[in-house]
Amino acid sequence: MNFLDRSRTIAPPGWSRWLVPPAALAVHLSIGQAYAWSVFKPPLESALDLSGTASALPFQLGIVMLGLSAAFGGTLVERNGPRWAMFVSLVCFSSGFLVAALGAATGQFWLVVLGYGFIGGIGLGIGYISPVSTLIKWFPDRPGMATGIAIMGFGGGALIASPWSTGMLDGFGTDRSGIATAFLVHGVVYAFMALGVLLVRIPPEGWLPAGWQPKRETRRLVTTAQVSARNALRTPQFWCLWVVLCMNVTAGIGILEKAAPMITDFFGETSVPVSTSAAAGFVALLSLANMGGRLVWSSTSDLIGRKNMYRVYLGAGALMYVVIAQLGNDSKPLFVCCALLILSFYGGGFATAPAYLRDLFGTYQVGAIHGRLLTAWSTAGVLGPLIVNRVADAGERAGHSGPGLYTTSLVVMTVLLAVGFVANECIRPVHARFHETPRGHEAPEGGTARVHQDS
């Protein structure tokens, strides 16, 4: 396939860098469907006689595979280019839905897990990192905004998929056949990702925006040196940021994966319970907050610095969880507003991470480093849903109902965000011994590349 050759992806003279964000959005809006998985949970539980914990398995495995495929495929993405990565993502993500459709039609849940979770999860991971390094190279003047635009699409995917999937289930039915048909349609329609394959380009070597020159950043944790992916794994900064991302994602993904049943349970015993359609609308609202936070907060990080931005994500996020635990079922608007803020911080954390990595390790292998960092997402993809679903299932067996099903989970999430806050405070500039010299070798102890301290 010559069109996948990296040399054919280099932008010709006069190519507009603003064509790259739409290419990234075409992929991220598609794979962002993962955030609408909670719409399929109740029908699957009913049609295949599954528990809440079991019905979360396809989603959990998908997030695990996202992190693993991003980690192991990051170097391949850097080597083969974004067009190759987007094509691989398209094939895996769409075929994963087709396998899941077969599983739903035959009542074989393991095929749903294999298709959506394993095969589709590989598509998630490769697709997620496919444009990141390219965008940072096209937008060195606004890295937070650039990655925010693209990764915004992943957060906003459920904004489209949630009502769309709900409408298909209403039309096709919520039995095995209806679920299978909905999966089949998803697999066919998400070939829309091909638009990204056709549009994406990488900048020529040494390209810079017209009239822009790199400036020394004295207020934020920014390096002018370069660090390889191999060396990045040897730094405490990488692992502190890994903990930060893992804690922030665990706290957000637990709500997101169980959003529809959670709001239904919280207000099920009140005078105005939440209907199924309203719960689906809540999922869509969370997706909108997730999407908006990725652009708004990551762009804000260009102004105030990444470390300060994560202080907001983790500190204010913990406060929102405390409010939900104490007052959440007293007021629907209060519950919804707190959940929206949490999900905006959750999304913002994803979009700010690539720019944070750029600030710490440079642009040399930032895509591969980002892929390795996403193993934190894999871990969180297991922890978040597991905590919320296990606590809720145990509470249900114990006779609890309403908010009592989630109180313990909310306390755990608050503690996790506090741990992430401490890890963020521990991040300092990367030592010069990890820097690359112009010839690609490690700088000796006491190297001279400049690194500026966060204020």
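Here is a short report on the structure shown in this document. Note that this is a predicted model, so its numbers are computed, not measured.

## Quick word on the overall build of the protein chain
Phase 1 of the analysis: Scanning the protein chain from terminus to terminus reveals 19 helices and zero strands.
Phase 2 of the analysis: By its C-alpha atoms, the protein chain is 65 × 50 × 35 Å across when sized along the principal axes.
Phase 3 of the analysis: Classification of the 455 residues of the protein chain by burial places 58% in the buried group.
Phase 4 of the analysis: Look at the contacts in the protein chain between residues 6 or more apart in sequence, and 84% of them connect residues 24 or more apart.
Phase 5 of the analysis: Total accessible area on the protein chain is roughly 16,900 Å²; 65% of this is exposed by carbon and sulfur atoms.

## Re the side chain of N248
Phase 1 of the analysis: Among the secondary structure elements, N248 is positioned in helix α12 (residues 236–257).
Phase 2 of the analysis: For N248, the residues in contact, after removing those within four places along its chain, are Y313, L314, F345, Y346, G349 and L417.

## Concerning the packing of aromatic side chains
Each aromatic ring pair is specified by the distance between its two centres and by the angle formed by the two planes.
Phase 1 of the analysis: Enumeration over the complete set of coordinates arrives at 27 aromatic pairs.
Phase 2 of the analysis: On the numbers, 5.8 Å between centres and 90° between planes, the contact of W164 with Y190 is edge-to-face. With W164 in helix α8 (residues 143–172) and Y190 in the loop between α9 (176–189) and α10 (194–199), this residue pair connects regions lying 26 residues apart in the sequence.
Phase 3 of the analysis: Where Y310 meets Y356, the ring centres are 5.4 Å apart and the plane angle is 35°; that geometry is what we call tilted. Taken as a pair, Y310 in helix α15 (residues 306–327) and Y356 in helix α16 (residues 332–361) lie far apart in primary sequence, 46 residues in all.
Phase 4 of the analysis: Look at Y356 and you get buried, because its relative accessible area is 1%.

## Section: the nonpolar core
Phase 1 of the analysis: Within the largest apolar cluster, 123 residues are counted, with the highest numbers of intra-cluster contacts made by Y128, F183, F335, Y346, F350, F361 and W377.
Phase 2 of the analysis: Ranked by residue count, the leading element in this core is α16, at 15 residues.
Phase 3 of the analysis: Not counting the four nearest positions on each side in its chain, F183 is found in contact with W37, F40, F97, A100, A101, A104 and V112.
Phase 4 of the analysis: Of all hydrophobic cores here, the second largest spans ten residues; its members include A24, W138, M145 and A146.

## A look at unusual backbone geometry
Phase 1 of the analysis: Despite not being glycine, D49 has its phi angle at roughly 55°, a positive value.
Phase 2 of the analysis: With respect to the helices, strands and loops of the structure, D49 is situated in the loop between α2 (41–48) and α3 (52–55).
Phase 3 of the analysis: According to the relative accessible area criterion, D49 is exposed, its value standing at 70%.

## Topic: the side chain of T235
Phase 1 of the analysis: By the secondary structure assignment, T235 is in the loop between α11 (229–232) and α12.
Phase 2 of the analysis: Taking relative accessible area as the criterion, T235 reaches 1% and is therefore assigned buried.
Phase 3 of the analysis: From its side chain, T235 meets the backbone oxygen of A232 in a polar contact 2.7 Å long.
Phase 4 of the analysis: Beyond its immediate chain neighbours, meaning those up to four positions away, T235 contacts F361, V430 and F434.

Procedures and definitions
Residues numbered from 1 in each chain as written. Predicted model: local features only at pLDDT ≥ 70, side-chain atom pairs only at ≥ 80, totals over all residues. Heavy atoms only, no water. Helix = DSSP H or I, 4+ residues; strand = E, 2+ residues; numbered from the N terminus. Buried < 20%, exposed > 50% of the residue type's maximum accessible area, 1.4 Å probe, protein only. Contact = heavy atoms within 4.5 Å. Areas by Shrake-Rupley, 256 points an atom, 1.4 Å probe, with all protein chains shown as cover. Phe/Tyr/Trp six-rings, centres within 6.5 Å; stacked < 30°, edge-to-face > 60°. Core = buried A, V, L, I, M, F, W, Y, C linked by side-chain atoms within 4.5 Å. Polar contact = N/O pair within 3.5 Å; in protein donor to acceptor, adjacent residues only side chain to side chain.

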